[in-house]
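Structural overview
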Amino acid sequence: MNEVTIYHNPDCGTSRNTLAMIRNAGIEPTVIEYLKHPPSRERLIELIEKSGLAVRDVLRQKGTPYAELQLDNPALTDGQLIDAMMSHPILINRPFVMTEMGVRLCRPSEIVLDILPAAQRGAFNKEDGEAVVDSEGKRVRNHD
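All of these numbers come straight from a predicted model, not from anything done at the bench. (Residues numbered from 1 in each chain as written. Predicted model: local features only at pLDDT ≥ 70, side-chain atom pairs only at ≥ 80, totals over all residues. Heavy atoms only, no water.)

When you line up the elements, D57 lands in the loop between α2 (41-51) and α3 (78-87). When its relative accessible area of 45% is taken as the criterion, D57 is described as partly exposed. Residues D57 and I92, spaced 35 residues apart in sequence, show a C-alpha to C-alpha distance of 9.7 Å. (Helix = DSSP H or I, 4+ residues; strand = E, 2+ residues; numbered from the N terminus. Buried < 20%, exposed > 50% of the residue type's maximum accessible area, 1.4 Å probe, protein only.)

Structure, rendered in structure tokens:
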């Protein structure tokens, strides 16, 4: 099977939903609990670059030392922000998923469907009951 890796936080509903969608495609990914086993600096930079996001876009603010470290200061460089994430992995937003089809920060969790190398095998609802995939394995389009 194709290699899929998720940087996971089991305490995060979005991360749990993303992992469940990967498994709903019949894939058992490599699960890295990034708070216990943070990525190397090089891997973190790779994840950010391959996801197409800016360093600031992957900083988690809620439930982190973001405010006390004054990470909203626009004078801080990407290197300084990476340093902060390396010192405090909780600042790394989650979940990042890597597949042969790309890297995404899966917020919302259904973004993972764009990079999975296999189709969903059946219906999938998020923990809150929101339908994401129908019984035929097709993505449900929500209307805003």
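Structure's up, so let's keep going.
Let us now look at the sheet that holds strand β1 (residues 5-8). In space, the four strands of this open sheet follow the order β2-β1-β3-β4, with mixed pairing throughout. Pairing within the sheet leaves two strands with one partner each, and these edge strands are β2 (30-33) and β4 (102-105). Averaged over all neighbouring strand pairs, the angle between strand axes comes to 15°, with direction disregarded. Here strand β3 (residues 96-99) pairs with β4 via four bridges, running antiparallel. Note on β4: the bridge partner recorded for T99 is G102. (Pairing = 2+ DSSP bridges. Axes fitted to C-alpha atoms, helices over the stretch in contact; angles between N-to-C directions.)

Attention shifts here to the pairing of β1. Of the two faces of β1, the one carrying T5 and Y7 and the one carrying I6 and H8 are both buried. Bridge count between β1 and β2: four bridges; the pairing is parallel. Residue Y7 lies in a different strand from β2, and its bridge partner there is I32. One crossover worth recording links β1 to the parallel β2 by way of helix α1 (residues 13-24), and it is right-handed. Judged from the three bridges that link them, β1 and β3 form a sheet pairing that is antiparallel. (Right-handed = clockwise from strand over helix to strand, strands pointing away.)

So, about the nonpolar core. If you look at the biggest cluster of nonpolar residues, it comprises 20 residues, and the most contacted ones within it are I48, L59, L71, M85, L91 and F96. Only α2, α3, β3 and β4 provide two or more residues apiece to this core. Not counting residues within four places of it along the chain, the set of residues in contact with M85 comprises L44, I48, V55, V58, L59, L91 and I92. Counting 16 residues, the second-largest nonpolar core is a separate cluster that includes V4, V97, C106 and V112. (Core = buried A, V, L, I, M, F, W, Y, C linked by side-chain atoms within 4.5 Å. Contact = heavy atoms within 4.5 Å.)

Buried within α2 we find L44, L47, I48 and S51. Down the axis of α2, the buried side of the element spans an arc of 95°, and every buried residue falls inside it. Of the exposed residues in α2, those oriented more than 90 degrees away from the buried face are E42, E49 and K50. Structurally, α2 contributes buried residues whose contacts are with β1, α3, β3 and β4. (Arc of directions from axis to C-beta.)

Let us now look at α1. The periodicity of an α-helix, 3.6 residues per turn, causes residues three or four places apart in sequence to face the same way. Across its twelve residues, α1 extends 16 Å between first and last C-alpha, which sits within 8% of the 16 Å expected from 1.5 Å per residue. Turning to α1, its buried residues are T14, S15, N17, T18, L19, M21, I22 and N24. In this fold, the buried residues of α1 make contact with β1, β2, β3, β5 (124-125) and β6 (131-133). Looking at the residues trailing α1, positive phi occurs at G26, about 80°. (Expected span 1.5 Å × (residues − 1).)

Note on placement: N24 falls in helix α1. Among the polar contacts made by the side chain of N24, one reaches the side chain of Q120 at a distance of 2.7 Å. What N24 contacts, discounting residues up to four positions off in sequence, is A119, Q120, R121, G122, A123 and F124. (Polar contact = N/O pair within 3.5 Å; in protein donor to acceptor, adjacent residues only side chain to side chain.)

Distances and angles like these do not, on their own, reveal function.
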